[in-house]
Amino acid sequence: MMRLQKYLALCGIASRRKSEQLIIDGKVKVNGETVTTLGTKINPQTDKVSVNNKDIIYEEKVYIMLNKPEKYITSASDQFDRPTVLDLIDLIEKRIYPVGRLDYNTSGLLLLTNDGQLTYKLTHPKHNIWKKYIAKVKGIPTEQEMKKFKTGLKIDNYTTSKAKIKIIETKEKNSVLEIQIKEGRNRQVRKMCEAINHPVKKLKRVSVGDIHIGNLELGEWRFLTDKELRYLEQL
Ligand code: URA
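Residues numbered from 1 in each chain as written. Predicted model: local features only at pLDDT ≥ 70, side-chain atom pairs only at ≥ 80, totals over all residues. Heavy atoms only, no water.

Caption draft 1: The arrangement of the sheet that holds strand β5 (residues 49-51) in detail. If you trace the four strands from one edge of the open sheet to the other, you get β3-β2-β5-β6, paired in antiparallel fashion. A strand with exactly one partner marks an edge of an open sheet, and here the two such strands are β3 (33-34) and β6 (54-55). One ladder, built from two bridges, connects strand β2 (residues 28-30) with β3; its direction is antiparallel. In the strand pairing of β3, K29 is matched with T34. (Pairing = 2+ DSSP bridges. Helix = DSSP H or I, 4+ residues; strand = E, 2+ residues; numbered from the N terminus.)

Here it is, written out as structure tokens:
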């Protein structure tokens, strides 16, 4: 059983608050009867709900995180028949979609859902969510190069917004960097590293906002926790 306003919001009808208003305004019927009491509980499997006399189709929302391995493409099909991230998600008969994209050769945190509103929220530039990457790059960036990274770099025909960068490990000829960007343009981290002359050798995304990959194994997936869902809801 589920509260009617929550059900409407889950079906993508309107936000929770606007759904409450729809109920108060007498626009919502359950099994043909107008319901104006907030908090009325319904059974999504058996009750028929309509808004403005239009039946609502229930689709339970699914939220998944995948630790994407390299050499998988982030889309539902590929012209070259390469494996796709959806090949890694068994058990699910639902149609789910990746939220944004990771390159073929990038590994790490990828969210997948059938919640179009969330996808919009997370991928629209105005929402500005920090995405954190661990990049192994050629050479060791100097302070000056890192400063350029932080203030904005000109790549292609745009200037990147402020990014964060720090060195977490150096080896003889390479270094491992922690990089955070808010945007998510095509191959952006790779292009930014290229722009300061430290091309990426390996790239992994470890978090999107407060959602972290943790110790999820490469190629494995799990449902998001309630805590993670609450975080996404309040964005
Ligand atoms: N930036 C990149 O360059 N590649 C990715 O896959 C993600 C961010």
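Caption draft 2: Up close: the pairing of strand β14 (residues 174-181). In terms of residue burial, β14 counts as a mostly covered element, since eight of its eight residues are buried. Taking every second residue as pointing to the same face, both faces of β14 are buried, with N174, V176, E178 and Q180 on one and S175, L177, I179 and I181 on the other. Direction of pairing for strand β10 (residues 131-138) relative to β14: antiparallel, over a ladder of eight bridges. Its bridge partner lying in β14, K132 is registered against Q180. For strand β13 (residues 164-170) and β14, the ladder comprises six bridges, and the chain directions are antiparallel. Bridge pairing in β14 links T170 to S175. (Buried < 20%, exposed > 50% of the residue type's maximum accessible area, 1.4 Å probe, protein only.)

Caption draft 3: Focus on the pattern of salt bridges. In total, this model carries nine salt bridges according to the counting rule given. Between K48 and D55 there is a salt bridge; the shortest N-O distance is 3.3 Å. Like K48, the residue D55 is exposed in the burial classification. Taking the shortest distance from any N to any O, the salt bridge between E178 and K166 comes out at 3.9 Å. Within this pair, whereas E178 is found in strand β14, its partner K166 is found in strand β13, the two being separated by twelve residues in sequence. (Salt bridge = Lys/Arg side-chain N within 4 Å of Asp/Glu carboxyl O.)

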